[in-house]
Amino acid sequence: MNNPTDHLNWLEHLLALCRKISEHQELDPILQSIIQTASALTGSESSSILIYEQGTRSLRFRAIPLHLMKSVKLISVPLERSVAGWVFRNRKPMVLGRQRRADDPIYRVVDRELSAETRTLLAVPMIVRDRTIGVLEAVNKQNDADYTAEDVKVVEILAALAAIAIEGWRLQDEAEKAQQAVQEAEQMKTNFVAVAFHELRTPLGVILGQAALLQESLPPEQRQSAESILNSALQLRGIIEQFSTVEALERGLHQVQYERVAPAELARQVIESFGFPASEKGIRIALRPCRTDLLIECDRQKIRTVLENLLNNAITYTDPGGQVLVKIEELPQYVRVSVMDNGIGIPAGEREKVFQRFYQVEKHLTRRHGGMGLGLSIAKEMVELHGGRIWVESVEGKGSNFSFEIPYAPSPRGGGK
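Residues numbered from 1 in each chain as written. Predicted model: local features only at pLDDT ≥ 70, side-chain atom pairs only at ≥ 80, totals over all residues. Heavy atoms only, no water.

Engineer: Looking at this model, I keep getting lost on the packing of helix H8 (residues 263-273) against helix H10 (residues 300-316). Mind explaining?
Structural biologist: The description of two packed helices rests on the angle between their axes and on the distance between the axes. Relative orientation of the contacting elements H8 and H10 amounts to 45°, with a least axis distance of 10 Å. Judged by the inter-axis angle, H8 sits oblique to H10. Crossing of H8 over H10 shows right-handed handedness. Of H10, the residues touching H8 (which contributes Leu266, Ala267, Gln269, Val270, Ile271 and Ser273) are Arg300, Ile303, Arg304, Leu307, Glu308 and Leu311. By residue class, the composition of the contact of H8 with H10 is seven nonpolar, two polar and three charged. (Axes fitted to C-alpha atoms, helices over the stretch in contact; angles between N-to-C directions. Helix = DSSP H or I, 4+ residues; strand = E, 2+ residues; numbered from the N terminus. Parallel < 35°, antiparallel > 145°, perpendicular 65-115°, else oblique. Left-handed = near helix turned anticlockwise from the far one by under 90°. Contact = heavy atoms within 4.5 Å. Nonpolar A, V, L, I, M, F, W, Y, C, P; charged D, E, K, R; others polar.)

Engineer: Explanation requested: the packing of aromatic side chains in the structure shown.
Structural biologist: Each pair of aromatic rings is reported with the distance of its centres and the angle of its planes. On inspection of all chains with the given rule, the structure shows two aromatic pairs. Here tyrosine 52 and phenylalanine 88 contribute two aromatic rings whose centre-to-centre distance is 4.8 Å and whose plane-to-plane angle is 25°, an arrangement assigned as stacked. Pair noted here: tyrosine 52 is in strand S1 (residues 44-53) and phenylalanine 88 is in helix H4 (residues 83-90), with a separation of 36 residues, a long-range link. The pair tyrosine 52 / phenylalanine 88 is uniform in exposure class, with both members buried. Both rings, one in phenylalanine 355 and one in phenylalanine 402, keep their centres 6.0 Å apart while their planes meet at 80°; by these two values the pair is edge-to-face. (Phe/Tyr/Trp six-rings, centres within 6.5 Å; stacked < 30°, edge-to-face > 60°. Buried < 20%, exposed > 50% of the residue type's maximum accessible area, 1.4 Å probe, protein only.)

Engineer: What am I meant to see in the sheet that holds strand S5 (residues 121-128) here?
Structural biologist: Within a beta sheet, neighbouring strands are joined by backbone hydrogen bonds and run either parallel or antiparallel to one another. Strand order in the open sheet made by the six strands is S3-S2-S1-S6-S5-S4, with antiparallel pairing throughout. The outermost strands of the open sheet, each flanked by one partner alone, are strand S3 (76-78) and strand S4 (94-96). Averaged over all pairs of adjacent strands, the angle between their axes in this sheet comes to 30°, without regard to strand direction. Sheet topology places S1 next to strand S2 (residues 58-63); five bridges connect them, and they run antiparallel. Its bridge partner lying in S2, glutamate 53 is registered against serine 58. On the sheet, helix H2 (residues 27-42) packs against S1, S2 and strand S6 (131-141) and is oriented at approximately 135° with respect to S1. In the packing of H4 onto the sheet, the strands contacted are S1, S2, S3, S4, S5 and S6, and the crossing angle to S6 comes to about 140°. (Pairing = 2+ DSSP bridges.)

Engineer: Please clarify how the sheet that holds strand S12 (residues 389-395) should be interpreted in this entry.
Structural biologist: A sheet is described by the order of its strands in space; here five strands give the open sequence S8-S10-S11-S13-S12, paired in mixed fashion. Among the strands making up the open sheet, the edge pair consists of strand S8 (284-288) and S12. Adjacent strand axes in the sheet meet at a mean angle of 15°, parallel and antiparallel pairs treated alike. Two strands pair when backbone bridges link them, and S12 and strand S13 (residues 399-407) are joined in this way by seven bridges, in the antiparallel orientation. Across the sheet, the residue bridging to tryptophan 391 is serine 403, located in S13. Packing of H8 onto the sheet brings it into contact with S8 and strand S10 (323-330), and relative to S8 it is tilted by some 175°. Across the sheet, H10 touches S8, S10, strand S11 (334-341), S12 and S13, and the angle it forms with S13 is around 175°.

Engineer: Whenever I open this one, the side chain of serine 47 confuses me. Can you help?
Structural biologist: Among the structural elements, serine 47 can be located in strand S1. Here serine 47 falls in the buried class, since its relative accessible area comes to 1%. Polar side-chain contacts of serine 47 include one of 2.9 Å to the side chain of serine 39. (Polar contact = N/O pair within 3.5 Å; in protein donor to acceptor, adjacent residues only side chain to side chain.)

Engineer: When you look at the pairing of S11 in this model, what are you seeing that I'm missing?
Structural biologist: Where S10 lies against S11, seven bridges are found, and the strand directions are antiparallel. Paired with valine 326 across the two strands is valine 339, which belongs to S11. Linking S10 back to S11 in an antiparallel pair, the connection comprises three residues. As defined by bridge partners, S11 adjoins S13 across eight bridges and the pair is classed as antiparallel. Within S13, the position partnered with aspartate 341 by the bridge is serine 400.

What follows is the structure in structure tokens.
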């Protein structure tokens with residue numbers, strides 16, 4: 001390629017191929033362009049791309065001039081007794097000229113199917129990430145000439161481009177399949193939650209009702225069993241409701257219904273509702289409220305859910321005899337609520353993950369505490385629906401401080417009325 005015109009022509013072809021690959025066009029047109037370029041630049045009658053097929057341990061035609069594809073699409077080229085197979089196995093180019101021995105490894109099945117004769121042949125391996133995926137061949141150089149070292153370089157470059165294009169599309173296909181699998185799994189999970197919530201709600205209601213009746217009617221010495229049933233049923237209902245809440249958040253069904261709320265009074269009500277589980281562990285809950293007449297605009301039930309989840313988390317991860325403090329502060333534009341405990345704390349590397357769904361600091365095989373790892377993620381989404389933020393500060397072995405801030409009035413980032 002000493003002629004400047006030929007060199008310019010080669011660069012133009014190469015640039016066009018690179019553009020097609022970078023633009024993520026369909027793979028077949030790209031491969032067709034590569035074999036057409038190989039034929040044009042080497043002066044060959046035709047060129048083809050063969051790809052290794054793991055199932056048959058052979059090479060199959062992936063690109064060949066379109067009018068020939070029907071004749072060769074069912075042909076498997078063996079790794080033994082073929083030029084393409086030798087090149088694939090040895091990862092080296094092979095050139096067959098006009099002067100050949102009778103035992104040259106040309107796979108004549110292809111010649112018979114195409115009613116043609118291979119007179120000269122140039123084949124180079126297609127390698128990507130140190131893995132051979134196929135072979136690029138140029139067949140029958142015009143004017144019965146032999147392929148040159150310059151032809152080998154040209155075809156090697158084109159083979160590299162073909163390998164990059166094929167590998168890129170393979171990775172994209174795998175990514176799309178993985179994404180589809182994730183979406184299908186998410187849909188299955190959503191369907192399961194909806195069905196489970198619907199099917200379990202009725203029998204769970206019966207269990208709760210009967211357990212409450214038993215607790216009232218049994219003698220005092222037998223009420224502990226009924227109380228245990230009731231508490232277990234309430235725990236199961238809480239888990240089901242958490243899954244239902246997550247499903248609604250994912251589907252965008254949660255709207256913020258604003259009303260005037262006194263945060264001090266709401267916090268007091270939530271603390272009172274945790275009197276029994278706190279007393280069972282000997283944990284003292286204290287409230288340090290802001291002024292009692294402070295009113296903010298928020299969704300009462302959603303902020304109550306946030307407080308319940310944070311308080312439940314604090315009680316769960318605080319050892320018996322510990323303390324929990326709920327603190328409310330007035331800031332210039334926000335009200336801040338903090339739930340502080342002197343429990344087990346969170347390792348430094350885990351703090352950024354605790355608001356992820358289903359994440360738990362304790363490993364599932366060694367954990368001592370219950371829960372599904374949904375409470376904090378739900379709290380985060382509820383706060384963000386109000387245009388607020390939530391975070392944690394913690395020292396392992398000394399306790400945690402979960403805080404959230406929401407604006408006094410509806411934020412443009414929050415939900416509508």
